[in-house]
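Listed below are the residues making up each chain.
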Amino acid sequence: MAHGNQLTEKGAMNPVTNDSAVAANRMHPMSHDHMVPSTGHHANSGHHINPLNAQINPVMNHPHVVKPVSHDMAPAVAHNTHINPRTPNRIHPRRGDHHLFLTSDDNAMMKHIEDTHSPDGRDFDVKPLLHTIEDIVQRAPAAIPGHLHGGQAQAHLEALEEKVPHSGLSEILNYLAYPIHRISMELICKCANKDDPHSTTMALLHSLTTYAWDTKVAITFAAFAQQYGEFWLLVQQYPTNPLAKSVAIIKELPEIMERTDVLKPKFDAISDLINKMLDVTKCIIEFRDIRTSHHQYAITQELEMLINTAHISTAAYWTIRAAVMCTAIILNLIATGHEYMSTTSETWEISSLAHKLANILDLLRKVLNQCYQKIEEKRQHDAFEALLRLLRTPHIDNMKILSILIYSKDDQLPLFDGTHKRRVSLDVLRRKHVLLLLSDLDIAAEELFILHHMYAESQAQPSRPESNYEVVWIPVVDKRVTTWTEEKQRKFEQVQDSMPWYSVAHPSMIDPAVIRYIKEIWGFNKKPQLVVLDPQGKETNNNAYHMLWIWGSLAFPFTKAREEALWREQTWNIELLADSIDQNIFTWIGEGKCICLYGGEDIEWIRAFTTATRAAANAARIPLEMLYVGKRNPKERVRKNSAIIQVENLSHVVQDQTLIWFFWERLESMWHSRTQQDIPGETDPILQEIVTILSYDGSDQGWAVFSRGLAEMTRGKGDLMVQVMRGFERWKHEVTDITEFVPSVDRQLRALHTPHHCTRLILPGTTGHIPERVVCAECSRPMEKFIMYSCCID
């Protein structure tokens, strides 16, 4: 480089910038106060001044960068050491460049780099060019023995062939082919003149001043890749091509390539450095894409500040500088032969630069991830707001709403028909009432069993108006907090296969914005939920689960208005309490018998209670049927109790444990549904009875409910019940016929009851709506609210 370090020949137009007035006279950033020494000084003159002495390495003080060891980075051949007699003025990085990693003014260095940057606003998509560069640098080392073997090499090359796109390449080369050629010549000239790598890199940045950072790097990388590819093409062709052989002989390549044992470690180091250059270049291009392709999601100030922390200018500098080093190494190899390659210090220098680029790459990827996270947050926020607006807008049918909730990519069929086991379109739901079943993958087998039974019952008579609805399972899997694994895929398929209704074909079809809507607006919190959409897609109930549990298909169309109407018609009786847990109940009601439902886990209390009650009923000549309904979670102890009760013929039992679970789950649904009605709890007799039975399950004692027909009912705790039944002799005179039995039991219980202990109500923590105020069923005072953690084990 001539003194003053002008970038173009004096008076000539700069072919890269096309600006003869500016670029031809642009001085090197180190001129004047930081003048770069003339290239007339040879490496062994002893007068070289390192241009970095007053500048810090731009990345080594970054917290994510690991500083290399503090000894000097030796050049390929030190002063006055081994010099090839054929080329006494050999090419190599300057000795003073060993301060590369040990300078002290990071900000000054970055300022010099950014001072070279004066973009003219042109924007190039250089990805097609980068793919071609990658094709060159990945194919080239295949000629090195041991680099890739056999099938591995073939598979690698085939993968490259598929990856290299040619669309857009011709267009980009119309603009950048000459700049690439010009930079290639400049690289060769400056390396041949033995300019130090920093001066050469800064000169290249000045030559490329009007381009964006990603374009600067792509042009320089392409210029190097052209030389690198030509070198390896000659190496690969000379054994079989006469023309290539003649050219190779002049370059003494056959002699060089005979020393593969010496060459391979060097070329492996170069190859690793080039791979790092590729990765950094891809990241720089990604930042360009973020500014252009994602502008609609950009959080302008916040995102721009985040991108600035990546120091893209610094990354571009070191990538271009790596290209300079690799160019110098290739030229030195041709000029001096295998003697040049026999040194190991330069291999360490290459590795150190690769290490530097690896640290830069870590920073770039970290910032990229943060940028994508910000973009995704903005995208999801916009999608969520759009979803809010859409669901509040009237529509002529439900197709638009369903297509937003269940997103079908690439025209895939988004639903799985559980009955016919095939994929179907959303059209099967057009203008129908749709119940969206929301749950995670851990939906209980008991819930699926009951839902299956109710769905089959509704579909058995499709002509009924209340059968005009469809169920669609939406698996609520938050991809932001859940990693999708093969195990989860198997579990999803297992649950999906057990459902006879429709389901989403795959959780990926549920957008994160929809998941957010499901959680924040519909209030989903692990426990299964049924959201009702009418034929126009309008939400009419954000959870009809309780209605379906209480009344089944009779609750159709599952609206809030229908729920209120059903409660207005309802009274507290054995039919509401027990429903269909045992078909014998309806027979007993029809026969006018007294019915006793009882529960608990203490088998001794069960024996005492059933024995005393049967004795009292026999003495009063009252037809009585008793049914054991266990506890909320029918674990092993309840199963054992049921077996003992049957063996000892103490009473009837619910044969299916799932129906015991359903009895308590349905009772809890009644509580949730009833608390949402506009009736004060302390004046609501139905709610008080529901709370009482639920509170019995939270007690360690047994309990019992007596009923006759659909009017007379009473209930009590275990110890009081046994006391009343054992004292039948005291009140038997009150029971003149069957109509007096239940009222007499009720009077006896009230006479014995003292609410010193009152009750406790225990509900799962994921049940959704929890009222702030619940009154005690025994003393009518407001109950205190506690948090309890309970294991499912007996």
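Every value quoted in this text rests on a predicted model; they were computed, and no experiment measured them.

J.: Go over the sheet that holds strand β6 (residues 529-533) with me, naming the residues and quoting the values.
T.: By way of backbone hydrogen bonds, the strands of a sheet pair with one another, either parallel or antiparallel. Taken together, the 7 strands give an open sheet; going across it, the order is β2-β1-β5-β4-β3-β6-β7, and neighbouring strands pair in mixed fashion. Every interior strand has two partners, whereas the edge strands, β2 (422-424) and β7 (539-541), have only one. Ignoring strand direction, the axes of neighbouring strands in this sheet form an average angle of 35°. Here strand β3 (residues 433-439) runs beside β6; their pairing, made up of 5 bridges, is antiparallel. From the neighbouring strand, V434 faces β6, where its bridge partner is L533. Helix-sheet contacts for helix α15 (residues 445-459) involve β3 and β4 (469-475), and the interaxial angle to β4 is about 150°.

J.: Summarise the pairing of strand β8 (residues 594-599); cite the residues concerned and give the values.
T.: The buried fraction of β8 amounts to 6 of the 6 residues, a majority that puts the element mostly inside the structure. Burial along β8 is two-sided: C594, C596 and Y598 facing one way and I595, L597 and G599 facing the other are all buried. By the bridge criterion, 5 bridges tie β8 to strand β9 (residues 624-628) in an arrangement that is parallel. Opposite L597, over in β9, you have L627 as the bridge partner. Following the backbone out of β8, through helix α22 (residues 603-620) and into the adjacent parallel β9, one traces a crossover that is right-handed. As defined by bridge partners, β8 adjoins strand β11 (residues 703-708) across 6 bridges and the pair is classed as antiparallel. Residue pairing in the sheet places C596 in a bridge with F706 of β11.

J.: I'd love a proper account of the sheet that holds strand β10 (residues 652-653), names of residues and values included.
T.: Spatial strand order, β10-β9-β8-β11-β12: 5 strands in an open sheet with mixed pairing. If you trace the sheet from one side to the other, it starts and ends with β10 and β12 (712-717), each paired once. Running at roughly 165° to β9, α22 makes contact with β8, β9 and β11 of the sheet. Contacts between helix α23 (residues 636-647) and the sheet are confined to β8, β9 and β10, with β9 contributing the most and set at about 150° to the helix.

J.: Give me the lowdown on the pairing of β9, citing residues and values where you can.
T.: Along a regular strand, successive side chains alternate from one face of the sheet to the other. Taking burial as the measure, the 5 residues of β9 include 5 buried ones, the bulk of the element. Residues L624, M626 and Y628 of β9 are buried on one face, and the alternating residues E625 and L627, pointing to the opposite face, are buried as well. Relative to β10, β9 runs parallel, the two sharing 2 bridges. Paired with Y628 across the strands is V653, a residue of β10.

J.: Can you break down the packing of helix α2 (residues 127-139) against helix α4 (residues 169-192) residue by residue, with the values?
T.: The contact between α2 and α4 brings their axes to 9 Å, and the two run at 70°. In this view, α2 runs roughly perpendicular relative to α4, as classed from their interaxial angle. Mapping the contact onto sequence places P128, L129 and T132 in α2 and L169, I172, L173, L176 and I180 in α4. Within the contact of α2 with α4, the residues separate by chemical class into 7 nonpolar, 1 polar and no charged.

J.: Describe the layout of surface pockets, naming the residues involved and giving the relevant values.
T.: The volume enclosed by the second largest pocket comes to roughly 750 Å³. Breaking the lining of the second largest pocket down by element, the ones donating at least two residues are α15, α18 (545-551), α19 (560-568), α20 (574-578) and α24 (657-675). Looking at the lining of the second largest pocket element by element, the count peaks at 5 residues for α15. A per-class count over the lining of the second largest pocket returns 14 nonpolar, 6 polar and 10 charged. Each of domain 2 (398-551) and domain 3 (570-783) contributes no fewer than three residues to the lining of the second largest pocket.

J.: I'd like to hear about the packing of aromatic side chains, residue by residue, with values.
T.: This structure, assessed with the given rule, holds 31 aromatic pairs. Between the aromatic rings of Y469 and F556, the centroid separation amounts to 6.2 Å while the plane-to-plane angle is 25°, which identifies the pairing as stacked. Residue Y469 is located in strand β4, and its partner F556 is located in the loop between α18 and α19; the two are separated by 87 residues in the primary sequence. You can call Y469 buried: its relative accessible area is 3%. One aromatic cluster is present, formed by Y598, W605, F609, Y628, F706, F728, W731 and F741 through successive ring pairs. Over the ring of W213 we find K216; its NZ or CZ atom is 5.1 Å from the centre of that ring. Lying over the aromatic face of W318, K356 brings its terminal NZ or CZ to 4.3 Å of the ring centre.

J.: Can you explain the nonpolar core? Please cite residues and give values.
T.: Soluble globular proteins tend to bury their nonpolar side chains together. Counting residues in each nonpolar core, the largest one holds 96 residues, and the members touching the most others are Y598, F609, F706 and F741. Three or more residues apiece are contributed to this core by two domains, here domain 2 (398-551) and domain 3 (570-783). Ignoring sequence-local partners within four residues, the contact set of F741 consists of C594, I622, F706, M725, W731 and V735. Judged by nonpolar contacts, the second largest core, of 87 residues, contains V126, L176, Y211 and L368.

J.: Report on the pattern of salt bridges, specifying residues and quantitative values.
T.: Applying the stated criterion across every chain yields a total of 41 salt bridges. With a shortest N-O distance of 3.9 Å, D279 and R365 are connected by a salt bridge. Pair noted here: D279 is in helix α9 (residues 260-293) and R365 is in helix α13 (residues 345-391), with a separation of 86 residues, a long-range link. Since its relative accessible area comes to 23%, D279 is described here as partly exposed. A residue is classified by how much of its surface remains accessible, and R365, at 40% relative accessible area, is partly exposed. Here E601 makes a salt bridge to R637, at a shortest N to O gap of 3.5 Å. Of this pair, E601 sits in the loop between β8 and α22 while R637 is found in helix α23, placing the two residues 36 residues apart along the sequence. Of the residues examined, R637 reaches a relative accessible area of 40% and is grouped as partly exposed. Several salt bridges share partner residues, and in doing so they unite D123, D125, K127, R288 and D289 into one network.

Criteria and cut-off values
- Here the residue numbering is sequential within each chain, running from 1 through the sequence in written order.
- In keeping with the predicted nature of the model, local features appear solely for residues at pLDDT of at least 70, side-chain atom pairs appear and are counted solely at 80 or more, and the whole-chain, interface and lining totals rest on all residues.
- For the side-chain quantities, the full set of heavy atoms in the structure was used; hydrogens and water were omitted.
- Here, any two strands with at least 2 DSSP bridges between them count as paired.
- Counting from the N terminus, the helices are DSSP H or I runs at least four residues long and the strands are E runs at least two residues long.
- Helix axes are fitted to C-alpha atoms over the stretch in contact, other axes to C-alpha atoms as well, and angles between N-to-C directions run from 0 to 180 degrees.
- By the convention used here, residues are in contact when the closest approach between their heavy atoms is within 4.5 Å.
- The buried label goes to any residue with under 20% of its type's maximum accessible area, the exposed label to any with over 50%, and the partly exposed label to all in between, with areas taken from a 1.4 Å probe on protein chains only.
- Looking down the strands as they point away from the viewer, one classifies a crossover as right-handed if the path from the first strand across the helix to the second runs clockwise.
- Any angle that falls under 35 degrees is termed roughly parallel, while one over 145 is termed roughly antiparallel, one within 65 to 115 roughly perpendicular, and all others oblique.
- Under the scheme applied here, ten amino acids are nonpolar (Ala, Val, Leu, Ile, Met, Phe, Trp, Tyr, Cys and Pro), four are charged (Asp, Glu, Lys and Arg), and all others, including Gly, are polar.
- Each cavity reported here is a set of points on a 1 Å grid over the protein atoms alone in which a 1.4 Å probe fits but cannot get out, each pocket an open set with protein on both sides within 12 Å along at least five of seven lines, and each lining residue one with an atom within 4 Å of a point.
- Grid points are joined across faces, edges and corners, and a volume is the space filled by probe spheres set on the points.
- Note: domain ranges come from an automatic or database domain assignment.
- Any Phe, Tyr or Trp ring, taking Trp's six-membered ring, that has another such ring centre within 6.5 Å forms a pair; planes under 30 degrees apart are called stacked, those over 60 apart edge-to-face, and the others tilted.
- Note on geometry: a ring has a charge over it if NZ (lysine) or CZ (arginine) is within 6 Å of the ring centre and within 35 degrees of the ring normal.
- Among buried residues, those of type Ala, Val, Leu, Ile, Met, Phe, Trp, Tyr and Cys that are joined through side-chain atoms within 4.5 Å constitute a nonpolar core.
- Salt bridges are defined as contacts in which a side-chain nitrogen from Lys or Arg sits within 4 Å of a carboxyl oxygen from Asp or Glu.

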